[in-house]
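Letter by letter, the chains look like this.
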Amino acid sequence: MPKKAPTIVREIMSRDCYRVSGKTSVSTLAEGLSLHRLPGAPVVDEHDHLIGFISEQDVLGKVLESAYLNDEPPLVRELMRHEVLSVTPNKSIIDLAQEMLGAKPKIYPVTEQTRLVGIVTRRDVLNAILRMRHR
């Protein structure tokens, strides 16, 4: 019997996702984003509650500036965005896809009661919609 196509975020999200704390250095963040091939990462507190988001775009200028001035790059907490668009695991993939059509993030943290439980990317959503069409 063929597996049914996913319809909610929980079925496509990455549970074991890259995340950083506010105390993470920007250079460590940049290495992690490169290693995990992500354009950004959720920022969490010591209890895994979502407190922000930081992207490559947020840090590019500061990394360039610190390289030019030959000083230490800042910490994530100094550059992160505090206003974060996140989704719940039960959100419809179709609804999320419609939200992603605008100039929205490429990655959404997935939260349950402000606790980070995963991430979902545009690529995850696109692949899920393609699977829906082929069912």
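Numbering of residues starts from 1 in every chain and runs along the sequence as written. In keeping with the predicted nature of the model, local features appear solely for residues at pLDDT of at least 70, side-chain atom pairs appear and are counted solely at 80 or more, and the whole-chain, interface and lining totals rest on all residues. The basis for every side-chain value is the complete set of heavy atoms in the structure, and neither hydrogens nor water enter the calculation.

> I would appreciate a short explanation of the nonpolar core in the present structure.
General note: in soluble globular proteins, nonpolar side chains tend to be found buried as a group. Within the largest apolar cluster, 19 residues are counted, with the highest numbers of intra-cluster contacts made by Tyr18, Val20, Leu29, Ile54 and Val76. Elements with a minimum of two residues in this core: α1 (26–36), β1 (40–44), β2 (50–55), α3 (76–79) and β4 (115–121). Filtering out sequence-adjacent residues up to four positions away, Val76 remains in contact with Val20, Ser21, Gly22, Thr24, Ser25, Val26, Leu29, Val43 and Ile54. Buried Ala, Val, Leu, Ile, Met, Phe, Trp, Tyr and Cys residues form a nonpolar core when they are joined through side-chain atoms within 4.5 Å. Classification of residues uses two cut-offs on accessible area relative to the type maximum, computed with a 1.4 Å probe and protein chains only: under 20% is buried, over 50% is exposed, and between them is partly exposed. Secondary structure elements follow DSSP: runs of H or I of four or more residues count as helices, runs of E of two or more count as strands, with numbering from the N terminus. A contact between two residues is defined here by any heavy atoms of the two lying within 4.5 Å.

> Sorry, what's going on with the pairing of β4 here?
Two faces, one strand: in a regular strand the side chains alternate between the faces of the sheet. The buried count for β4 comes to 6 of 7 residues, which makes it a mostly enclosed element. If DSSP finds at least two bridges between two strands, the strands pair. Taken together, the 6 bridges between strand β3 (residues 107–112) and β4 define a ladder with antiparallel strand orientation. In the strand pairing of β4, Ile107 is matched with Thr121. Once β3 ends, the chain turns through 2 residues before running back antiparallel as β4, passing Gln113 with a positive phi of about 50 degrees.

> Can you help me understand the pattern of salt bridges in this one?
When the charged atoms of two side chains with opposite charge come close together, those side chains can pair. Whenever a carboxyl oxygen of Asp or Glu lies within 4 Å of a side-chain nitrogen of Lys or Arg, that contact is scored as a salt bridge. The final tally for this structure, using the stated rule, is 5 salt bridges. A salt bridge links Asp58 to Arg81; its shortest N-O distance comes to 3.0 Å. Linking Asp58 in helix α2 (residues 56–69) with Arg81 in the loop between α3 and α4 (93–100), this pair joins segments that are 23 residues apart in sequence. A residue is classified by how much of its surface remains accessible, and Arg81, at 35% relative accessible area, is partly exposed. Glu65 serves as the salt-bridge partner of Lys62, at 4.0 Å between the closest nitrogen and oxygen. Separated by 3 residues within a single helix, Lys62 and Glu65 lie in helix α2, roughly one turn from each other. Glu65 gets classed as partly exposed once you look at its relative accessible area, which sits at 40%.

Honestly, that's just the spatial picture; any functional story needs more than this.
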